Amino acid sequence: MAEGTNPTAISCVRALTAFVENGKALLDLAEKESKEVCLLRGKGMQRIYGEKTITDVTQVQWDSFLQRLDDELQLSAKILAGDHQSKCVSPDTALIDAKTGETVTMEKYLGKGKKILLVLIRQFSCLLCRLHLKDLEKNQRTLDEHSVEVVVVSFGCQEGASHWLQETGCRYDMLLDPDRKIYTTFGLEASLTKVLNFSNMLLYAEYVMDNMEFPRELPSIQDDMFQLGGDFVLDEHGRVLFSHCCQSPIDRPSVEDILSAQ
């Protein structure tokens, strides 16, 4: 590094370099562990090393490493500094219509006698976000009976949104929040630990073993795989009736939980 380089920048480079090196090792191990779990599951067996499995030991090391990296990069520092979630969304909140590129406000959806379910997704290639929306679509009749309108929100660009809408065939309106105003309003974090912790990585490896296809990122757009999502139900005045800040990519509320909003 050149003399006078920002110490924070140096620290980030070192941390990210370590992340890449450790990340590849973890993926290799996660896939290996997943294969062995699948083989042993039917026999009711488990490999034991002393009092702990190899997974237990590796999990502690990996998750501790990610937490140190989170502390170093402070991805959610600005969001967490507020230490609160908004209890109301203003009808003047401006977002971008993903299909037309035009600026719209939340007034378009509020004041219509319906509840609005805002589904804030992670990156466009998030498989779990897509599965969650598919589940909502399967339960559309129930949502209609409870006067709940679903609106998808992404922090991504219009190019990525257009590709996402084409790939998913999602019928819901999609709004773009490039400045992450809504994400910040609801206190949604960005976290390496909560996205790439060992339990999640093992689950991803099992998805791979089950031949589940993961969406591919578009090379032409920049995304953020560490941003977490959430589900929020608003009444017709914009008041928050239900709030679920995802603690991992896997963490999404059930339709029953969403409909419990009063």
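Shown above is the structure to which this text applies.
What counts, and at which threshold
Residues numbered from 1 in each chain as written. Predicted model: local features only at pLDDT ≥ 70, side-chain atom pairs only at ≥ 80, totals over all residues. Heavy atoms only, no water. Helix = DSSP H or I, 4+ residues; strand = E, 2+ residues; numbered from the N terminus. Buried < 20%, exposed > 50% of the residue type's maximum accessible area, 1.4 Å probe, protein only. Areas by Shrake-Rupley, 256 points an atom, 1.4 Å probe, with all protein chains shown as cover. Polar contact = N/O pair within 3.5 Å; in protein donor to acceptor, adjacent residues only side chain to side chain. Contact = heavy atoms within 4.5 Å. Pairing = 2+ DSSP bridges. Phe/Tyr/Trp six-rings, centres within 6.5 Å; stacked < 30°, edge-to-face > 60°. Lys NZ or Arg CZ within 6 Å of the ring centre and 35° of its normal. Axes fitted to C-alpha atoms, helices over the stretch in contact; angles between N-to-C directions. Parallel < 35°, antiparallel > 145°, perpendicular 65-115°, else oblique. Left-handed = near helix turned anticlockwise from the far one by under 90°. Nonpolar A, V, L, I, M, F, W, Y, C, P; charged D, E, K, R; others polar. Arc of directions from axis to C-beta.

Chemist: What is the right way to read the overall build of the protein from this model?
Modeler: Helix and strand content of the protein: 10 helices and seven strands. Burial analysis of the protein (262 residues in total) assigns 44% to the buried set. In the form shown here, the protein has an accessible surface area of approximately 14500 Å², with 51% of it arising from carbon and sulfur atoms.

Chemist: When you look at the side chain of Asp 97 in this model, what are you seeing that I'm missing?
Modeler: With respect to the helices and strands, the residue Asp 97 is situated in strand β1 (residues 94-97). Of note is the side chain of Asp 97, whose polar atom sits 2.8 Å from the backbone nitrogen of Lys 99. A polar contact of 3.2 Å, which involves the side chain of Asp 97, links it to the backbone nitrogen of Thr 100. Discounting residues that sit within four places of it in the chain, Asp 97 has contacts with Glu 102, Val 104, Lys 108, Gln 158, Met 174 and Leu 175.

Chemist: What should I look at first to understand the pairing of strand β3 (residues 115-120) in this one?
Modeler: Every other side chain in a regular strand lies on the same face of the sheet, so the side chains alternate between the two faces. Most of β3 sits inside the fold, with five of its six residues counted as buried. Judged from the six bridges that link them, β3 and strand β4 (residues 148-154) form a sheet pairing that is parallel. Within the sheet, the bridge partner assigned to Leu 120 lies in β4 and is Val 153. Bridge count for β3 against strand β6 (residues 230-234) is five bridges, and the pairing is antiparallel. Across the sheet, Val 119 pairs through a bridge with Asp 231, a residue of β6.

Chemist: Looking at this structure, I do not really get the packing of aromatic side chains. What am I missing?
Modeler: Geometrically, a pair of aromatic rings is defined through the distance of the ring centres and the angle of the planes. The final tally for this structure, using the stated rule, is five aromatic pairs. Members of the aromatic cluster, each reached through a chain of ring pairs, are Tyr 204, Tyr 207 and Phe 214. Positioned over the ring face of Phe 155 is Arg 180, at 4.1 Å from the centre of the ring.

Chemist: When you look at the sheet that holds strand β2 (residues 103-105) in this model, what are you seeing that I'm missing?
Modeler: Sheet strands associate in pairs through backbone hydrogen bonding, adopting either a parallel or an antiparallel arrangement. Read across the open sheet, the seven strands follow the order β2-β1-β5-β4-β3-β6-β7; overall the sheet is mixed. Each having just a single partner strand, β2 and β7 (240-245) make up the two edges of the open sheet. Sheet twist, expressed as the average angle between the axes of neighbouring strands with direction ignored, equals 30°. Each of β3, β4 and β6 touches helix α4 (residues 127-138); the most contacted strand, β3, lies at about 155° to it.

Chemist: I keep staring at the side chain of Ser 191 and nothing clicks. Help me out?
Modeler: Position of Ser 191 relative to the elements: it lies in the loop between α7 (181-185) and α8 (192-196). Of note is the side chain of Ser 191, whose polar atom sits 3.0 Å from the backbone nitrogen of Lys 194.

Chemist: Is there a simple way to think about the pairing of β1 in this case?
Modeler: Relative to β2, β1 runs antiparallel, the two being bridged by three bridges. Residue pairing for β2: Ile 96 is matched across the bridge by Thr 103. Between β1 and β2, which pair antiparallel and follow one another directly, the connecting turn spans five residues, one of which, Gly 101, has a positive phi of 80°. Strand direction decides the pairing type here: β1 and strand β5 (residues 173-176), joined by two bridges, are antiparallel. By the bridge assignment for β5, Asp 97 is matched with Leu 175.

Chemist: Mind showing me how you'd approach the packing of α4 against helix α6 (residues 158-168) here?
Modeler: Describing two packed helices takes the angle between their axes plus the distance from one axis to the other. Packing of α4 against α6 leaves a shortest axis separation of 12 Å and a crossing angle of 55°. Considering the angle they form, α4 stands oblique to α6. Pair α4 / α6 crosses with right-handed handedness. In this structure, α4 uses Arg 130, Leu 133 and Lys 134 to contact α6, whose residues at the interface are Trp 164, Glu 167 and Thr 168. Grouping the constituent residues of the contact of α4 with α6 by class yields two nonpolar, one polar and three charged.

Chemist: For this particular structure, what's the right way to read α6?
Modeler: An α-helix turns once per 3.6 residues; consequently, residues spaced three or four apart project the same way. Of all the positions in α6, only Gly 160, Ala 161, Trp 164, Leu 165 and Thr 168 are classed as buried. Buried residues in α6, looked at end-on, bunch into an arc of 135°, giving them a common side. Check the buried side of α6 and you find it contacts α4, β4 and β5. Of the residues trailing α6, Gly 169 is marked for its positive phi of about 65°.

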